[in-house]
Amino acid sequence: MWIYVVIAVIVIILVYAIILFNSFSSVDAYYSIYDKTMGQYNNLPDEAGDYEKYAMKYDISDKHLEIHKFKYSYK
């Protein structure tokens, strides 16, 4: 169980690191995380529970949108 929490936290940290890196670089892409459970973008949960998350990347030059759905158990 704990391994899933650790993996989810690592994924979120990596996505936020990519967002931060791209805000200072000339990469032609946008990144965002949507929490369907809370109805918010780019926020971590305030309370423990199970959350449905979507990690999104839009590449402007290729006009390509990637969406990855995952479940996140926050304890």
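Figured I'd write up the structure that's included with this text. (Residues numbered from 1 in each chain as written. Predicted model: local features only at pLDDT ≥ 70, side-chain atom pairs only at ≥ 80, totals over all residues. Heavy atoms only, no water.)

## Points about the pattern of salt bridges
Convention followed: Salt-bridge detection follows one rule: a side-chain nitrogen of Lys or Arg within 4 Å of a carboxyl oxygen of Asp or Glu.
The final tally for this structure, using the stated rule, is 3 salt bridges. Among the charged side chains, a salt-bridge network with shared partners connects Glu52, Lys69 and Lys71.

## Some words on the nonpolar core
The line we're drawing: We define the nonpolar core as a collection of buried residues of types Ala, Val, Leu, Ile, Met, Phe, Trp, Tyr and Cys that are connected through side-chain atoms lying within 4.5 Å of one another. Relative accessibility thresholds used throughout: buried, under 20% of the residue-type maximum; exposed, over 50%; partly exposed, between the two (1.4 Å probe, protein chains only). Starting at the N terminus, helices and strands are each numbered in turn, a helix being any DSSP run of H or I of at least four residues and a strand any DSSP run of E of at least two. Every residue pair with non-hydrogen atoms within 4.5 Å of one another is taken to be in contact.
Core analysis: the largest hydrophobic core is formed by 6 residues, namely Ala8, Ile12, Tyr51, Ala55, Phe70 and Tyr72. Of all the secondary-structure elements, those providing two or more residues to this core are helix H1 (2–23), strand E3 (49–59) and strand E4 (64–74). Contact partners of Tyr72, with chain neighbours within four places excluded, come to Ala8, Val9, Ile12, Pro45, Gly49, Asp50, Tyr51 and Lys53.

## Thoughts on the sheet that holds E3
As a reminder, the rule being used: Strand pairing follows a simple DSSP-based rule, namely that at least 2 bridges must link the two strands.
Read across the sheet, 4 strands follow the order E2-E1-E3-E4 without closing on themselves; strand pairing throughout is antiparallel. Looking at which strands have only one partner, the edges of the open sheet turn out to be strand E2 (40–41) and E4. As judged from the 7 bridges shared by strand E1 (residues 29–35) and E3, these two strands associate in the antiparallel manner. Within E3, the position partnered with Ala29 by the bridge is Asp59.

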